[in-house]
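Residue-level listing of the chains:
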Amino acid sequence: MPLALEWDEFDAASRHVVACDSAGAVIGTGRLLPDGHIGRLAVRADWRGKDVGRAMMERLLEEAVQQEQQQMLLLHAQTQAVGFYEKLGFAAEGAEFMEAGIPHRRMRRCFTPRQPAQGAPQNLENKAR
């Protein structure tokens, strides 16, 4: 994604997660916007397939539950990652669309606030910017 698309007016109001390796190097990031959208989930290529994305998503889900006002989460999943999000309880809706030159699907997950997220991730730093 072009660098200009990586920053927006929602960054300051969002909750961010950052995953680091044992040396402290960043290996993944993600954010939860105040309106319940999850976005900017990214895992460094050499760390994909090692549950980093799952751990960050579980932390973002936990954060959404703690915020209480959220009962529905939305995200735009790259089409090839739809199965990953389905395993986390999201359901695809609508037709495929292009975003930043990549095919995506809109996905939704409903939940009851104050239900604890399963399997809280470890070694994640939660930062508000």
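Analysis parameters
- Residues numbered from 1 in each chain as written.
- Predicted model: local features only at pLDDT ≥ 70, side-chain atom pairs only at ≥ 80, totals over all residues.
- Heavy atoms only, no water.
- Helix = DSSP H or I, 4+ residues; strand = E, 2+ residues; numbered from the N terminus.
- Buried < 20%, exposed > 50% of the residue type's maximum accessible area, 1.4 Å probe, protein only.
- Contact = heavy atoms within 4.5 Å.
- Areas by Shrake-Rupley, 256 points an atom, 1.4 Å probe, with all protein chains shown as cover.
- Pairing = 2+ DSSP bridges.
- Expected span 1.5 Å × (residues − 1).
- Core = buried A, V, L, I, M, F, W, Y, C linked by side-chain atoms within 4.5 Å.

Q: What is the right way to look at the overall build of the protein in this model?
A: Within the protein one finds two helices and seven strands. Ordered by position from N to C terminus, the α and β elements of the protein give β-β-β-α-β-α-β-β-β. Across the 129 residues of the protein, 36% fall into the buried class. A fraction of 56% describes how many contacts in the protein between residues 6 or more apart in sequence connect residues 24 or more apart. In the structure as shown, the protein presents an accessible area of about 7500 Å², 53% of it carried by carbon and sulfur atoms.

Q: Honestly, the pairing of strand β6 (residues 102–110) in this entry has me stumped. Any pointers?
A: Taken residue by residue, a regular strand's side chains alternate between the two faces of the sheet. Relative to β6, strand β4 (residues 72–78) is paired through seven bridges, and the arrangement is antiparallel. Residue pairing in the sheet places Ala 77 in a bridge with Arg 105 of β6. Across six bridges, strand β5 (residues 91–99) lies against β6 in antiparallel orientation. By the bridge assignment for β6, Ala 91 is matched with Arg 108. Between β5 and β6, which pair antiparallel in sequence order, lie two residues; one of them, Ala 100, sits at a positive phi of approximately 55°.

Q: What should I look at first to understand helix α1 (residues 52–66) in this one?
A: Think of an α-helix as turning once every 3.6 residues; residues three or four places apart then point the same way. Between its first and last C-alpha atoms α1 spans 21 Å; for 15 residues at 1.5 Å apiece the expected length is 21 Å, and the two agree. Of all 15 residues making up α1, 13 are buried, and the element is well covered by its neighbours.

Q: Honestly, the environment of Ala 42 in this entry has me stumped. Any pointers?
A: Secondary-structure assignment places Ala 42 in strand β3 (residues 37–43). On the basis of relative accessible area, Ala 42 is assigned to the partly exposed category, the value being 40%. Apart from the residues within four sequence positions on either side, Ala 42 is in contact with Ile 27, Gly 28, Thr 29 and Met 56.

Q: Looking at this model, I keep getting lost on the nonpolar core. Mind explaining?
A: A general trend in soluble globular proteins is that nonpolar side chains are found buried together. Counting residues in each nonpolar core, the largest one holds 23 residues, and the members touching the most others are Ile 38, Met 57, Leu 73, Leu 75, Tyr 85, Phe 90 and Met 107. The set of elements that each furnish at least two residues to this core consists of β1 (15–20), β2 (26–32), β3, α1, β4 and α2 (82–86). Per-element accounting of this core gives the leading share, seven residues, to α1. When sequence neighbours within four positions are dropped, the list of residues in contact with Ile 38 reads Arg 31, Leu 32, Met 57, Leu 60, Leu 61, Leu 73, Leu 74, Leu 75 and Phe 90.

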